[in-house]
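Analysis of the macromolecular model
This is what each chain is made of:
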Amino acid sequence: MIKKLFAVLIIICLILGLSACGFNEISKKLVADAVIVTDSKMSILVDSKDEMKIYDTDFDTVESSVEKIKEKYDYELFLSHSKAIIVSTEVTIKELSDIIQKFKFYYQISPDTKVILAEDNALKALKKGDFTTKEINTIIKNKKMCDDRICNYDTVLTGKDFEVIFDKEGEIEVRKITL
């Protein structure tokens, strides 16, 4: 009886041990809090409790950039928890439209992801870690800005409202502009 019970426990342990996810699989995931996009670069922001980490790559399409990050940093990128796509104000309206369309149809991007514009000084401060993506979301929420999401943007962006992050004497401010 004890031998049978012992044999069953060994079989159960083997089955669970061989079928369970490996430890390395979970540690190789990179969960993005926000994505920064310029005309040629894509940066992934990961806010952890200790510090904010940034993973940079060239930007052509979302798929190719995700692959480049996987090759460069050896992480599987997980974009579905991104709360914002932060786009440089240096891009043209046509480039902004193309960027929105590229992210809009990427399978991991949620339709409720916000599209935010940011001036270069604010992008530099964000990349330096002077403020976090959570602070951006809090500022926007407290200013009661419009709540347009990526799903609301079509190919014509003129007349659409966007939040713009800018640096004003060392403080991060948000204002709304209409393209």
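Here the structure is shown first, and the text comes after it.
Remember, it's a predicted structure, so these values are computed and weren't measured experimentally. (Residues numbered from 1 in each chain as written. Predicted model: local features only at pLDDT ≥ 70, side-chain atom pairs only at ≥ 80, totals over all residues. Heavy atoms only, no water.)

1. Focus: the overall build of the protein
- A count of helical and extended segments in the protein gives six helices and nine strands.
- Summarising the internal contacts of the protein: among those between residues at least 6 apart in sequence, 62% fall at separations of at least 24. (Helix = DSSP H or I, 4+ residues; strand = E, 2+ residues; numbered from the N terminus. Contact = heavy atoms within 4.5 Å.)

2. As for the packing of aromatic side chains
- Using the criterion set out here, one finds four aromatic pairs in the structure.
- Taking 4.9 Å as the distance between ring centres and 50° as the angle between the ring planes, the aromatic pair formed by Tyr106 and Tyr107 counts as tilted.
- Exposure remark for Tyr106: the relative accessible area of 5% places this residue in the buried category.
- Pairwise contacts between aromatic rings join Tyr55, Tyr73 and Tyr75 into one cluster. (Phe/Tyr/Trp six-rings, centres within 6.5 Å; stacked < 30°, edge-to-face > 60°. Buried < 20%, exposed > 50% of the residue type's maximum accessible area, 1.4 Å probe, protein only.)

3. Some points on the environment of Ala118
- By the element assignment, Ala118 lies in strand E7 (residues 114-118).
- Along the chain, Ala118 and Ile36 lie 82 residues apart, while their C-alpha atoms are 9.1 Å from each other.
- Among all residues touching Ala118, those that are not within four sequence positions of it are Ile86, Val87, Ser88, Thr89, Leu123 and Ile165.

4. Here's the deal with the environment of Phe166
- Looking at where Phe166 falls in the secondary structure, it is placed in strand E8 (residues 161-168).
- The exposure class assigned to Phe166 is buried, which follows from its relative accessible area of 13%.
- As for Phe166 and Ala122, which are separated by 44 residues in sequence, their C-alpha atoms are 5.2 Å apart.
- The residues contacting Phe166, other than those within four sequence positions of it, are Glu119, Ala122, Glu171, Ile172, Glu173, Val174 and Arg175.

5. Quick notes on the nonpolar core
- In this structure, Met42, Ile44, Leu77, Leu79 and Phe103 are the most contacted members of the largest nonpolar core, which totals 30 residues.
- Breaking this core down by element, the ones donating at least two residues are strand E2 (34-37), strand E3 (41-47), helix H3 (62-73), strand E6 (84-88), helix H4 (93-104), E7 and E8.
- With near-sequence residues (within four places) excluded, Phe103 lies in contact with Val35, Val37, Met42, Phe59, Val62, Ile85, Ile109 and Ile150.
- Of all hydrophobic cores here, the second largest spans 18 residues; its members include Ile36, Ala84, Ala122 and Val174. (Core = buried A, V, L, I, M, F, W, Y, C linked by side-chain atoms within 4.5 Å.)

6. As for the pattern of salt bridges
- Taken as a whole and judged by the stated rule, the model has three salt bridges.
- For Lys41, the salt bridge goes to Asp58, with nearest N and O atoms at 2.9 Å. Of this pair, Lys41 sits in strand E3 while Asp58 is found in strand E4 (residues 52-58), placing the two residues 17 residues apart along the sequence.
- Owing to a relative accessible area of 39%, Lys41 belongs among the partly exposed residues under this scheme.
- Classification of Asp58 as partly exposed rests on a relative accessible area of 39%.
- Where Lys94 meets Asp98, a salt bridge forms, and the shortest distance between an N and an O atom there is 3.4 Å. (Salt bridge = Lys/Arg side-chain N within 4 Å of Asp/Glu carboxyl O.)

7. Section: the sheet that holds E3
- Taking strand neighbours across the sheet as the criterion, the seven strands line up as E4-E3-E2-E6-E7-E8-E9 in an open arrangement whose pairing is mixed. Each edge of the open sheet is held by one strand with a lone partner, namely E4 and strand E9 (171-178). Taking each pair of neighbouring strands and ignoring which way they run, the sheet shows an average axis angle of 25°.
- The pairing of E2 with E3 spans four bridges and is classified as antiparallel. Of the residues in E3, the one forming a bridge with Ile36 is Ser43.
- Strands E3 and E4 of the sheet are contacted by H3, whose axis makes an angle of about 115° with E4. (Pairing = 2+ DSSP bridges. Axes fitted to C-alpha atoms, helices over the stretch in contact; angles between N-to-C directions.)

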